[in-house]
Amino acid sequence: MENMRAQEWWRRSTVYQVYPKSFKDSSGSGEGDIRGLTEKLDYLQKLGIDIIWLQPVYVSPQHDNGYDVADYCEINPEFGTMADFDELAKEIRLRGMHLMLDIVVNHSSTDHKWFQQARQSKENPYRNYYIWRDPKPDGSAPNNWQSKFGGSAWQYDEATGQYFLTLFDKTQADLNWENPAVREEVVKLMTFWADKGVSGFRMDVINLISKDQEFPEDDGSLPPGDGRRFYTDGPRVHEYVKDMYKEVFGPNNMVTVGEMSSTTLEHCIRYSNPEEREFSMTFNFHHLKVDYPNGQKWELMPYDFEQLKQLFSEWQTGMQAGGGWNALFFNNHDQPRALSRFADDGEYRAESAKMLATTLHGLQGTPYVYQGEEIGMPNPYWNDMSELRDIESRNMFKILQEERGKTAEEALNIIRQRSRDNSRTPMQWNDGPQAGFTTGTPWIKVDERYPEINVESQLADPYSILNHYKKLIALRKSVDVITNGRYERLDEGHPQVFAYARISTSETLVVVSNFSARQAVFVLPEAFADVSLEGSAYELLASNTETTPLLQREIELSPYASYMWVIR
Ligand SMILES: O=P(O)(O)OC[C@H]1O[C@H](O[C@H]2O[C@H](CO)[C@@H](O)[C@H](O)[C@H]2O)[C@H](O)[C@@H](O)[C@@H]1O
């Protein structure tokens, strides 16, 4: 396995996630596009990025911003043409970077020709591409499973008198992976993109593809009682993933990441241990639910810091022990900005952004940087619902009032903190009109703090958040212990500090971060008793304060201070 791992270049890589609609508009349409991304490749190369994860640019009615695909092998005209895509892929290759595409095959759009055929009649050859069930005798849905975007997971089709399954929006029909023809279609479409030279895939909610064929009622004995236990990491999922590896990922030597919704450590070890021949790595979301009271995303509470540290530690230790590999992230297009959620986006914005970055980039796994994170973009302030675009947020705004007894103001306050649109505002390139994102009217508002927070100003400042990211990305390539070191948590329930070590035979990395707005003192465990000796061989690799702190047993940390040292 060690030999196999050595060849896996992506273990030292950093991935940059591009939400194309908000990255860079080259045409003045108000929406980002492929050419806009091509214009910015030099920026990403200079940042040190190895892999660009491009979110869906396929033909789609855009009810869920591209996660509702109507044609898997054509480019949505709003994003450009296939020639634009080919040009992008070529320019990425020329810069020595890699392109990773988003593959969304738990479901397709109901606009897809397969679904349009399937709904014609029960006898149509495409009927079995989707999941259809008869109503209960009283005409209601086949079971009580809930859509992740709110409401029943079943949609009634008047014409044929059956329900079809939609775990997300009602226009995202779940594909029937039990049908070998569907699996063949998926291999075919992935082969199409592999043949175009893409280096890998990010597989959307891929652990939901195998459903319990009994489709049982969820009796609520296991929270959240919405049916997910019957389709999450389901009965045949590993078989299906292994087939994709055999047909596409393996032969094309691809880097792949599976997005694993509500998953377990045991399954993620199986998905990402190279001996299993499934994925290169997995995303899990447990650490991003530490502010969900009783698992409820649409209720508010301050985040549980101890739980956050425990979850990181459990996944670091568990994945190491089982030979799995983590995709490391604090931000993505579905999450509010981590800076506003876990730290301070006001007075200590710069310190906070660097602290979160240092904490994450010292861990084992492959780090993902979500556009705007590298300049410390915070959640924007939403004045009212008319400013929001996300389908989930709009559905939930209604549900919170109609079914959960919230006033409009309470519902808006929840949406402000939880909405996926928090991370979807346009990338802030400079302090010009619309932050340099578009010459037109942006599809979603630009955060008003852009004159202060933008790429251009941070490129010019050696101490900027952007340059801090650049340094961390480079360190992963030069300091071996960051890739291979054993993880050990160092703080024992410290109320403000997260501290850990990464240990190999020749190096020890120490990362200490203050997650609070107060001064903190942290004492390293006994094993580090001798590190403060003058002249001992340690080096400060990353810091977010103006001081150069000594590595000694007792470490003082100013608000949101964070340090990374290596001892050799
Ligand atoms: O919160 P989890 O149950 O662990 O699920 C993880 C995320 O899954 C969904 O995200 C992805 O699929 C959606 C449908 O294709 C798409 O809308 C989204 O953009 C994808 O990333 C879910 O929407 C997210 O909220 C969860 O975080």
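Residues numbered from 1 in each chain as written. Predicted model: local features only at pLDDT ≥ 70, side-chain atom pairs only at ≥ 80, totals over all residues. Heavy atoms only, no water.

- Within an unreviewed UniProt entry, the label attached to the protein chain reads Alpha,alpha-phosphotrehalase, and the organism entered is Paenibacillus albidus.
- In its Sequence similarities (unreviewed entry) section, the UniProt entry covering the protein chain states "Belongs to the glycosyl hydrolase 13 family." (UniProt positions renumbered as here; feature names shortened; annotations may be inferred.)

### Some remarks on the sheet that holds strand β17 (residues 497-503)
(1) Moving on: Reading across from one edge, β16-β17-β18-β22-β20 is the order of the five strands in this open sheet, with antiparallel pairing throughout. Of all strands in the sheet, those bounded by a partner on one side alone are β16 (486-489) and β20 (538-543). With direction set aside, neighbouring strand axes in the sheet form an average angle of 20 degrees.
(2) Moving on: Bridge count between β20 and strand β22 (residues 562-567): five bridges; the pairing is antiparallel. Bridge assignment links Ala542 to a residue of β22, and that residue is Met564.
(3) Moving on: This element, helix α9 (residues 305-322), spans β16 and β17 of the sheet and lies at about 155 degrees to β16.
(4) Moving on: Packed onto the sheet, helix α15 (residues 465-478) meets β20 and β22 and runs at close to 135 degrees relative to β20. (Pairing = 2+ DSSP bridges. Helix = DSSP H or I, 4+ residues; strand = E, 2+ residues; numbered from the N terminus. Axes fitted to C-alpha atoms, helices over the stretch in contact; angles between N-to-C directions. Contact = heavy atoms within 4.5 Å.)

### Notes on the layout of surface pockets
(1) Moving on: What the largest pocket holds in volume is close to 1100 Å³.
(2) Moving on: Every residue lining the largest pocket is counted, 43 residues in all, and those nearest its centre are Lys148, Arg228, Ser262, Lys289 and Lys297.
(3) Moving on: At three residues, the largest contribution of residues to the lining of the largest pocket is made by helix α12 (residues 391-402).
(4) Moving on: Of the residues that constitute the lining of the largest pocket, the class distribution is 13 nonpolar, 14 polar and 16 charged. (1 Å grid on protein atoms, 1.4 Å probe; cavity = no way out; pocket = protein on both sides within 12 Å on 5 of 7 lines; lining within 4 Å. Points joined across faces, edges and corners; volume = space filled by probe spheres on them. Nonpolar A, V, L, I, M, F, W, Y, C, P; charged D, E, K, R; others polar.)

### Here we look at the site of the ligand
(1) Moving on: Lining the immediate surroundings of the ligand are 21 residues, of which Asp64, Asp204, Ser261, Ser262 and Asp334 lie closest.
(2) Moving on: Contacts to the ligand include Arg202, whose side-chain N or O atom sits 3.1 Å from an oxygen atom.
(3) Moving on: Lys289 has a polar side-chain atom sitting 3.0 Å from an oxygen atom of the ligand.
(4) Moving on: Relative to its unbound accessible area of 560 Å², the ligand is 93% covered by the protein chains.
(5) Moving on: With respect to the pocket detection grid, the ligand is positioned in the largest pocket.
(6) Moving on: The class makeup of the residues in the shell around the ligand is five nonpolar, six polar and ten charged.
(7) Moving on: Each of domain 1 (10-104 + 329-382 + 427-478) and domain 2 (107-174) accounts for three or more of the residues forming the shell around the ligand. (Near = heavy atom within 4 Å. Polar contact = N/O pair within 3.5 Å; in protein donor to acceptor, adjacent residues only side chain to side chain. Areas by Shrake-Rupley, 256 points an atom, 1.4 Å probe, with all protein chains shown as cover. Sits in = over half its atoms within 2 Å of the grid points. Domains from an automatic or database assignment.)

### Considering α9
(1) Moving on: Between its first and last C-alpha, α9 extends 26 Å over 18 residues, near the 26 Å set by a 1.5 Å rise per residue.
(2) Moving on: Those residues of α9 that are buried are in contact with α8 (265-272), β13 (281-283), β14 (327-328), α11 (349-361), β16 and β17.
(3) Moving on: Two or three places before Glu306, at the opening of α9, Asp304 has a side-chain oxygen 3.3 Å from that residue's backbone nitrogen.
(4) Moving on: Where α9 ends, the next residue or the one after it, Gly323, has phi of about 75 degrees, a positive value. (Expected span 1.5 Å × (residues − 1).)

### A few points about the sheet that holds strand β1 (residues 15-18)
(1) Moving on: Taken together, eight strands build an open sheet; the order of strands is β13-β12-β11-β5-β2-β1-β15-β14 and the sheet is parallel. Pairing within the sheet leaves two strands with one partner each, and these edge strands are β13 and β14.
(2) Moving on: Inspection of the sheet shows strand β5 (residues 98-103) paired to strand β11 (residues 200-203) by four bridges, in the parallel sense. In the strand pairing of β11, Asp102 is matched with Arg202.
(3) Moving on: Helix α4 (residues 82-94) contacts β2 (51-54) and β5 of the sheet and is inclined by roughly 135 degrees relative to β5.

### Focus: the packing of aromatic side chains
(1) Moving on: One pass over the structure, following the stated rule, counts 40 aromatic pairs.
(2) Moving on: With a centroid separation of 5.6 Å and an interplanar angle of 40 degrees, the aromatic rings of Trp177 and Tyr240 are classed as tilted. One end of the pair, Trp177, is in the loop between β10 (172-174) and α6 (180-195); the other, Tyr240, is in helix α7 (residues 237-249), and 63 residues separate them in sequence. Each member of the pair Trp177 and Tyr240 is classed as buried.
(3) Moving on: Their ring planes at 35 degrees and their centres at 5.7 Å tell us that Phe249 and Phe279 sit as a pair that is tilted. In this pair, Phe249 sits in helix α7 while Phe279 sits in the loop between α8 and β13, placing the two residues 30 residues apart along the sequence.
(4) Moving on: Taking the relative accessible area as the measure of exposure, Phe279 reaches 4% and is therefore buried. (Phe/Tyr/Trp six-rings, centres within 6.5 Å; stacked < 30°, edge-to-face > 60°. Buried < 20%, exposed > 50% of the residue type's maximum accessible area, 1.4 Å probe, protein only.)

### Structural notes on the pattern of salt bridges
(1) Moving on: Applying the stated rule across the entire model yields 46 salt bridges.
(2) Moving on: Between Lys188 and Glu185 there is a salt bridge whose closest N-O contact spans 3.7 Å. With Lys188 and Glu185 both in helix α6, this residue pair falls three residues apart, about one helical turn.
(3) Moving on: Taking relative accessible area as the criterion, Lys188 reaches 56% and is therefore assigned exposed.
(4) Moving on: Put simply, Asp204 and Arg202 hold a salt bridge, and the shortest N to O gap is 2.8 Å. (Salt bridge = Lys/Arg side-chain N within 4 Å of Asp/Glu carboxyl O.)

### A closer look at the packing of α11 against α15
(1) Moving on: Axis separation between α11 and α15 bottoms out at 10 Å; the angle between their running directions is 10 degrees. Taken together, the axes of α11 and α15 lie roughly parallel to each other. Where α11 abuts α15, its residues Arg349, Ala350, Ala353, Lys354, Ala357, Thr358, Leu360 and His361 lie against Ile465, His468, Tyr469, Leu472, Ile473 and Arg476.
(2) Moving on: Grouping the amino acids of the contact of α11 with α15 by side-chain chemistry returns eight nonpolar, three polar and three charged. (Parallel < 35°, antiparallel > 145°, perpendicular 65-115°, else oblique.)

### Quick look at the side chain of Asn106
(1) Moving on: In this structure, Asn106 sits in the loop between β5 and β6 (107-109).
(2) Moving on: Looking at Asn106, its side chain comes within polar contact range of the side chain of Lys211, at 2.9 Å.
(3) Moving on: Residues contacting Asn106, with those up to four places away along its chain left out, are Leu167, Phe168, Ala173, Asp174, Leu175, Trp177, Val205, Leu208, Ile209 and Lys211.

### Quick look at the domain arrangement of the protein chain
(1) Moving on: Domain boundaries assigned for the protein chain yield domain 1 (10-104 + 329-382 + 427-478), domain 2 (107-174), domain 3 (384-418) and domain 4 (485-567).
(2) Moving on: Taken over C-alpha atoms, the centre of domain 3 sits 41 Å from the centre of domain 4.

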